[in-house]
Amino acid sequence: MSQPQWTEVEHYLADRLIPGDPVLEAVLEANAAAGLPPIDVSPNEGKLLQLLAQLCRAQRILEIGTLGGYSTIWLARALPPGGRLVTLEANLKHAEVARSNIIRAGLADVVDIRTGLALDTLRQLEDERARPFDLIFIDADKPNNTRYLTWALRLSHKGTLIIVDNVVRDGAVLDAASSDPSAQGARSVLEMLGSEPRLSVTALQTVGSKGYDGFAMALVTGD
Ligand code: SAH
Ligand code: DHB
Ligand code: MG
């Protein structure tokens, strides 16, 4: 079992389960043309995010880490009429590509892209007394994961679903002595998730076209 097989099985599954979508395909092409790194969620993962948002009947979604807006579009499509998604992005070029992709997807009135360091825009959201979010997807710079989780808890309510992407990193999460700050970010956020009494948590390993990684999912069960 190895990368070529993971990729082939992923395509097999996606070909049967995920209808072709000209908008999402154009988004990935626009991202590549603009030179964005191909680190968006895969189509199967995007669909999982969408299903989770529908299951928790999310009306307000927060995403930390927009890139070209690929995961943003999957999530925003789960919203009911009047629903809103706020997505935070530090890189102005990424935000610009995302803006044009989101317009292409017809979601400009649903998605609010906030540029700047997420630690700043999260504080702004709190200062604005933004209503709590129903689903929060943490997928930005991994060394700040525990800070983002702290903010996620502040901006959530009982019943909010918090998802943290990329917590396995090719298994690097096992290496306590790792010099990779992203691997350390994965370790610390898992530590925090596991010891936070307000959260009920699991994490799953994934393989596919993006290699070997995983994500954690936490339900806010207490205030
Ligand atoms: N969620 C996207 C992928 C996000 S990649 C998808 O699946 O389609 C991570 C993004 O986080 C990158 O675009 C990067 O520029 C952004 N980022 C990195 N550090 C950040 C920070 N401090 N604040 C906000 N965004 C940041
Ligand atoms: C990286 C970031 C991601 O959000 C991801 O899904 C995969 C890789 C990265 O920074 O390498
Ligand atoms: Mg990710």
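Here, every reference points to the structure presented above.
This structure is a prediction, so every number in the text was calculated from the model and none was measured. (Residues numbered from 1 in each chain as written. Chains lettered and ligands numbered in written order. Predicted model: local features only at pLDDT ≥ 70, side-chain atom pairs only at ≥ 80, totals over all residues. Heavy atoms only, no water.)

Structural notes on the site of ligand 2
Lining the immediate environment of ligand 2, one finds I39, D139, K142, D165, N166 and R169. Separating an oxygen atom of ligand 2 from a side-chain N or O atom of K142 is a distance of 3.2 Å. Contact distances for ligand 2 include 3.4 Å between an oxygen atom and a side-chain N or O atom of D165. Protein coverage of the free-state accessible area of ligand 2, which is 290 Å², stands at 66%. Along the lines of polarity and charge, the residues of the shell around ligand 2 split into one nonpolar, one polar and four charged. (Near = heavy atom within 4 Å. Polar contact = N/O pair within 3.5 Å; in protein donor to acceptor, adjacent residues only side chain to side chain. Areas by Shrake-Rupley, 256 points an atom, 1.4 Å probe, with all protein chains shown as cover. Nonpolar A, V, L, I, M, F, W, Y, C, P; charged D, E, K, R; others polar.)

Focus on the environment of S200
By the element assignment, S200 lies in strand 6 (residues 199–208). Of the residues examined, S200 reaches a relative accessible area of 42% and is grouped as partly exposed. C-alpha of S200 to C-alpha of D109: the two residues are 91 residues apart in sequence and 33 Å apart in space. In contact with S200, not counting residues within four places along its chain, are M217, A218, L219 and T221. (Helix = DSSP H or I, 4+ residues; strand = E, 2+ residues; numbered from the N terminus. Buried < 20%, exposed > 50% of the residue type's maximum accessible area, 1.4 Å probe, protein only. Contact = heavy atoms within 4.5 Å.)

A few points about the site of ligand 1
Near ligand 1 there are 21 residues, and of these G65, S71, E89, H94 and D139 occur at the shortest range. At a separation of 2.9 Å, a nitrogen atom of ligand 1 approaches a polar backbone atom of G65. Between a nitrogen atom of ligand 1 and a side-chain N or O atom of S71, the distance comes to 2.8 Å. Taking 580 Å² as the accessible area of ligand 1 by itself, protein coverage stands at 88%. Grouping the amino acids of the shell around ligand 1 by side-chain chemistry returns ten nonpolar, six polar and five charged.

Here's the deal with helix 6 (residues 118–127)
Of all the positions in helix 6, only A118, T121, L122 and L125 are classed as buried. Down the axis of helix 6, the buried side of the element spans an arc of 105°, and every buried residue falls inside it. Those residues of helix 6 hidden inside the fold are in contact with strand 1 (60–64), strand 2 (84–89), strand 3 (111–115), strand 4 (133–138) and helix 7 (145–154). Remark: R129 follows helix 6 within two positions and exhibits a positive phi of approximately 55°. (Arc of directions from axis to C-beta.)

With respect to the pairing of strand 6
Pairing of strand 6 with strand 7 (residues 211–220), which is carried by ten bridges, proceeds in the antiparallel orientation. Paired with L199 across the strands is V220, a residue of strand 7. The antiparallel pairing of strand 6 with strand 7 creates a hairpin that spans two residues between the two strands. (Pairing = 2+ DSSP bridges.)

Some remarks on the pairing of strand 7
Here strand 7 lies mainly inside the structure; seven of its ten residues are buried. Relative to strand 7, strand 5 (residues 156–165) runs antiparallel, the two being bridged by five bridges. Counterpart to V164 in the pairing with strand 7 is A216.

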